[in-house]
Amino acid sequence: VVIPDPGDIPGRPEQPKLVSHTSLKAKPLNTPEGRALLLHAIAHIELNAIDLALDVVWRFKGMPEAFYRDWVQIAQEEAKHFLLLQKHLVGMGYDYGCFPAHNSLWDMAERTKGDILARIGLVPRTMEARGLDVSPATIQRFAHQGDSASAAILNRFYSDEIRHVGVGSKWFAVHTESDGLDPAQHWQNLVG
């Protein structure tokens, strides 16, 4: 069975309105709206991460079965993260879609759709890894504001995100080495 190309952007709810990342402004975390805005941004990243993982499964043919199992598991975990955040936002009096968001992650998917090494080198190994770098400080910022519920949710899936970066690194190494490339040098070429 051949599944046709789904087009540019996966199915999305009508909201949030997608805008340029430069037009998004953070608000202080000492307000409920500021905390909701940051959680909304993280939920949007998680929603995109579901699509990115499933796009890897659909787009890149002829990979080992373990490759597909890894990315399906990542999609499932990202879906759990999104749903936890959405439920928490609702409990705060907000919902996913009530703030604008940017489309930078899916833009990266479009730019890397023809190259498995670029996709897994730039999405999990770079973009997701950058998110990991700021996660402990973000968790602390919520805790410092007395928002232990938000801090606990973010902490709850931090280890999943570490594993996702690890999966990306594992498959990046497998594919670069099978192509006769040095993984560290090829990654530097991609991000450089």
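As the structure is a prediction and not an experimental result, all values here were calculated from the model.

J.: Honestly, the overall build of the chain in this entry has me stumped. Any pointers?
T.: Along the chain, the regular secondary structure elements total seven helices and zero strands. In the chain, the succession of helices and strands from N to C terminus is α-α-α-α-α-α-α. Taking 192 residues into account, the globule formula puts the C-alpha radius of gyration at 16 Å, and the chain, at 17 Å, falls close to it. Counting only residues that meet the buried cut, the chain has 42% of its 192 residues in that class. Pairs at least 24 residues apart make up 79% of the contacts formed inside the chain by residues separated by at least 6 positions. As displayed, the chain has an accessible area near 10,300 Å², and 58% of this comes from carbon and sulfur atoms. If the 19 positive side-chain charges of the chain are averaged to one point and the 23 negative ones to another, these points end up 4 Å apart.

J.: Whenever I open this one, the side chain of Glu-46 confuses me. Can you help?
T.: With respect to the helices and strands, Glu-46 occurs in helix 1 (residues 32-59). Buried Glu-46, no salt bridge; nearest opposite-charge side chain is Arg-163, N-O distance 11 Å. When residues no more than four places from it in sequence are discounted, the contact partners of Glu-46 are Glu-78, His-81, Phe-82, Leu-85, Phe-157 and Glu-161.

J.: I'm lost on the pattern of salt bridges in this one. Help?
T.: It is possible for side chains of opposite charge to pair when their charged atoms get near one another. Overall, the coordinates contain eight salt bridges when judged by the stated rule. Arg-119 is the salt-bridge partner of Asp-55, the closest N and O atoms lying 2.8 Å from each other. Of this pair, Asp-55 sits in helix 1 while Arg-119 sits in helix 4 (residues 116-144), and the two are 64 residues apart along the sequence. Judged by relative accessible area, which is 6%, Asp-55 ranks as buried. Note on Arg-119: relative accessible area 1%, which makes it buried. The residue Arg-163 makes a salt bridge to Glu-77 at a minimum N-O spacing of 2.8 Å. Of this pair, Arg-163 sits in helix 6 (residues 158-178) while Glu-77 sits in helix 2 (residues 65-91), and the two are 86 residues apart along the sequence. Salt bridges sharing common partners tie together Asp-55, Arg-59 and Arg-119.

J.: What am I meant to see in the nonpolar core here?
T.: The tendency in soluble globular proteins is for nonpolar side chains to be buried side by side. With 19 residues, the main nonpolar core has Leu-39, Ala-43, Phe-82, Leu-85, Phe-142 and Leu-154 as its most contacted residues. Those elements that place two or more of their residues in this core are helix 1, helix 2, helix 4 and helix 5 (148-156).

J.: Looking at this model, I keep getting lost on the confidence of the model for the chain. Mind explaining?
T.: When pLDDT is low, close inspection of the predicted coordinates is not appropriate. Per-residue confidence for the chain gives a mean pLDDT of 90; residues scoring 70 or more make up 94%. When the elements of the chain are averaged for pLDDT, helix 3 (residues 104-111) gives the smallest value, 84, and helix 2 the largest, 97.

J.: What is the right way to look at the packing of helix 2 against helix 5 in this model?
T.: The axes of two packed helices give the description: the angle between them and the distance between them. Between helix 2 and helix 5, the shortest axis-to-axis distance is 10 Å and the interhelical angle comes to 175°. On the basis of the axis angle, helix 2 is roughly antiparallel to helix 5. Between helix 2, through Leu-84, Leu-85 and His-88, and helix 5, the contact on the second element is made entirely by Ala-149, Ser-150, Ile-153, Leu-154 and Arg-156. Split by residue class, the contact of helix 2 with helix 5 holds five nonpolar, two polar and one charged.

Procedures and definitions
Residues numbered from 1 in each chain as written. Predicted model: local features only at pLDDT ≥ 70, side-chain atom pairs only at ≥ 80, totals over all residues. Heavy atoms only, no water. Helix = DSSP H or I, 4+ residues; strand = E, 2+ residues; numbered from the N terminus. Rg over C-alpha atoms; globule rule 2.2 N^0.38 Å. Buried < 20%, exposed > 50% of the residue type's maximum accessible area, 1.4 Å probe, protein only. Contact = heavy atoms within 4.5 Å. Areas by Shrake-Rupley, 256 points an atom, 1.4 Å probe, with all protein chains shown as cover. Lys, Arg positive; Asp, Glu negative; His and termini not counted. Charge placed at Lys NZ, Arg CZ, Asp CG, Glu CD. Salt bridge = Lys/Arg side-chain N within 4 Å of Asp/Glu carboxyl O. Core = buried A, V, L, I, M, F, W, Y, C linked by side-chain atoms within 4.5 Å. pLDDT = per-residue confidence, 0-100. Axes fitted to C-alpha atoms, helices over the stretch in contact; angles between N-to-C directions. Parallel < 35°, antiparallel > 145°, perpendicular 65-115°, else oblique. Nonpolar A, V, L, I, M, F, W, Y, C, P; charged D, E, K, R; others polar.

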